[in-house]
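# Structural characterization, general
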Amino acid sequence: MVELLELALYALVAGATAVGTTEAIRQAPYIRDLNERGVKPWACDLCMSFWVTLIVALLGAFLPEQAEPGRLWAWMPSFAVAYTWLTRVTPAPPDGGGFPGLPDEIDDSE
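Here's what I pulled together on the structure shown here. Everything numeric in this text was worked out from a predicted model, so none of it was measured. (Residues numbered from 1 in each chain as written. Predicted model: local features only at pLDDT ≥ 70, side-chain atom pairs only at ≥ 80, totals over all residues. Heavy atoms only, no water.)

Below, the discussion takes up unusual backbone geometry. Of note, the bond from Lys40 into Pro41 is cis; its omega dihedral lies within 30 degrees of zero at 0°. The residue Pro41 is located in the loop between α2 (29–37) and α3 (45–62) in this model. (Helix = DSSP H or I, 4+ residues; strand = E, 2+ residues; numbered from the N terminus.)

Pasting the structure below:
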């Protein structure tokens, strides 16, 4: 039971770490430009949640000082935490999420 609780706690911590890391990565000047233009994986919450939680889980499982391969089981729950957090808790961009230079509506009447 203790191992299950440790794994659940690790999933929450790894998910929160992935969200913070994603937000920090998206603020880097070069990445911010790619994010604003909608380039994947930088602008995709699903992609960023997936890859960053995988990296965090791998680091937690195989860092030399505290290596514990069983932590890899927390990867998918931490992905769910990170994706939910990024899509539901993190506020949308102030302009509603539109990309600069692209029209908001496409007129097909022509």
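Here the narrative resumes.
Attention now moves to the layout of surface pockets. Over the atoms rolls a probe the size of a water molecule, and in doing so it shows where empty space is left. Size it by volume and the second largest pocket reaches roughly 160 Å³. Broken down by class, the residue content of the lining of the second largest pocket amounts to 2 nonpolar, 1 polar and 4 charged. (1 Å grid on protein atoms, 1.4 Å probe; cavity = no way out; pocket = protein on both sides within 12 Å on 5 of 7 lines; lining within 4 Å. Points joined across faces, edges and corners; volume = space filled by probe spheres on them. Nonpolar A, V, L, I, M, F, W, Y, C, P; charged D, E, K, R; others polar.)

Note on placement: Ser49 falls in helix α3. Separated by 2.7 Å, the side chain of Ser49 and the backbone oxygen of Asp45 make a polar contact. Apart from residues lying up to four places away in sequence, Ser49 is in contact with Phe79, Ala82, Tyr83 and Leu86. (Polar contact = N/O pair within 3.5 Å; in protein donor to acceptor, adjacent residues only side chain to side chain. Contact = heavy atoms within 4.5 Å.)

This paragraph deals with the side chain of Ser78. Relative to the assigned elements, Ser78 resides in helix α4 (residues 75–89). Excluding residues within four positions of it along the chain, Ser78 makes contact with Ala11, Ala14, Gly15 and Thr53.

Turning our attention to the environment of Ala61. Inspection of the secondary structure puts Ala61 in helix α3. A relative accessible area of 0% means that Ala61 is categorised as buried. Dropping the residues within four chain positions of it, Ala61 is found in contact with Tyr10, Ala67, Glu68, Pro69, Arg71 and Leu72. (Buried < 20%, exposed > 50% of the residue type's maximum accessible area, 1.4 Å probe, protein only.)

Attention now moves to the packing of aromatic side chains. For any pair of aromatic rings, the description rests on two quantities: the centre-to-centre distance and the angle between the ring planes. What the rule picks out here adds up to 4 aromatic pairs. Judged by centre distance (5.2 Å) and plane angle (65°), the ring pair of Phe50 and Trp75 falls under edge-to-face. Taken as a pair, Phe50 in helix α3 and Trp75 in helix α4 lie far apart in primary sequence, 25 residues in all. Residues Phe50 and Phe79 carry aromatic rings whose centres are separated by 5.9 Å and whose planes lie at 85° to one another, so their mutual orientation is edge-to-face. Of this pair, Phe50 sits in helix α3 while Phe79 sits in helix α4, placing them 29 residues apart in sequence. Relative accessible area serves as the criterion here: at 27%, Phe50 is assigned to the partly exposed category. Ring pairs connect the aromatic residues Phe50, Trp51, Trp75, Phe79 and Tyr83, which therefore count as one cluster. One residue, Arg71, lies across the ring of Tyr10, its end atom 5.2 Å from the ring centre. (Phe/Tyr/Trp six-rings, centres within 6.5 Å; stacked < 30°, edge-to-face > 60°. Lys NZ or Arg CZ within 6 Å of the ring centre and 35° of its normal.)

The next subject is the packing of α3 against α4. Running from amino to carboxyl end, α3 crosses α4 at an angle of 140°, the nearest separation of the two axes being 9 Å. Compared by their axis directions, α3 and α4 come out oblique. Considering how the two elements wind past one another, α3 and α4 form a crossing that is right-handed. Judged by residue contacts, Asp45, Leu46, Ser49, Phe50, Thr53, Leu54 and Ala57 of α3 engage Trp75, Ser78, Phe79, Ala82, Tyr83, Leu86 and Thr87 from α4. (Axes fitted to C-alpha atoms, helices over the stretch in contact; angles between N-to-C directions. Parallel < 35°, antiparallel > 145°, perpendicular 65-115°, else oblique. Left-handed = near helix turned anticlockwise from the far one by under 90°.)

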